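# Summary of the model geometry
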Amino acid sequence: MRAVVRQAVRDVRTAPTPPPADPAADPAVAALRRVVDDLVASSHAMGELMLEIAPAYLSDSEAADILVLLCEQIGEPLDHGFAARRYALTGDRRALAGTVL
């Protein structure tokens, strides 16, 4: 049952945005876009992990008690964990502003 619910939640959530269709003419810009896309993808995966540990129905203050331990163990600041959690919920890259991006 847990796996079915987890898959249904993943299907409903917005997946990370795809890279732009037109590649940059400058190779340095294209390389930087790939790096940013990799950061965003890893943040999305980390956010899904955060949501498994502290589901979306928990408030930030309730989730903080749980996530602080995980963030300490993986070496991430708690605010980065919350940003990744928000990004996994919304699929909006603006959730990562000021933390990863």
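Described below are features of the structure shown in this document. (Residues numbered from 1 in each chain as written. Predicted model: local features only at pLDDT ≥ 70, side-chain atom pairs only at ≥ 80, totals over all residues. Heavy atoms only, no water.)

Another aspect to go through is the environment of Pro55. Relative to the helices and strands, Pro55 is located in the loop between helix 2 (27-53) and helix 3 (60-74). Judged by its relative accessible area of 25%, Pro55 is partly exposed. Between the alpha carbons of Pro55 and Leu89 there is a distance of 9.9 Å; along the sequence they are 34 residues apart. (Helix = DSSP H or I, 4+ residues; strand = E, 2+ residues; numbered from the N terminus. Buried < 20%, exposed > 50% of the residue type's maximum accessible area, 1.4 Å probe, protein only.)

Right, let's talk about helix 4 (residues 78-90) for a bit. With 13 residues, helix 4 should cover 18 Å at 1.5 Å per step; its first-to-last C-alpha distance of 18 Å lies within 8% of that length. Taken residue by residue, helix 4 has His80, Gly81, Phe82, Ala83, Ala84, Arg85, Tyr87 and Ala88 as its buried positions. Residues of helix 4 that are buried sit in contact with helix 2 and helix 3. Within two residues after helix 4, Gly91 carries a phi angle of roughly 75 degrees, on the positive side. (Expected span 1.5 Å × (residues − 1). Contact = heavy atoms within 4.5 Å.)

With that settled, consider the environment of Thr99. Looking at where Thr99 falls in the secondary structure, it is placed in the segment after helix 4. By relative accessible area, which is 19% here, Thr99 ends up buried. With 18 residues separating them along the chain, Thr99 and Gly81 place their C-alpha atoms 9.3 Å apart. Aside from chain neighbours lying at most four places away, what touches Thr99 is Asp79, His80 and Ala83. Within polar-contact distance, the side chain of Thr99 engages the backbone oxygen of Leu96 at 2.8 Å. (Polar contact = N/O pair within 3.5 Å; in protein donor to acceptor, adjacent residues only side chain to side chain.)

Turning to the pattern of salt bridges, a few remarks are in order. In total, this model carries three salt bridges according to the counting rule given. A salt bridge links Asp37 to Arg93; the nearest nitrogen and oxygen atoms lie 2.9 Å apart. Of this pair, Asp37 sits in helix 2 while Arg93 is found in the segment after helix 4, placing the two residues 56 residues apart along the sequence. Two residues, Asp92 and Arg94, come together in a salt bridge whose shortest N-O distance is 2.5 Å. Arg94 gets classed as exposed once you look at its relative accessible area, which sits at 67%. (Salt bridge = Lys/Arg side-chain N within 4 Å of Asp/Glu carboxyl O.)

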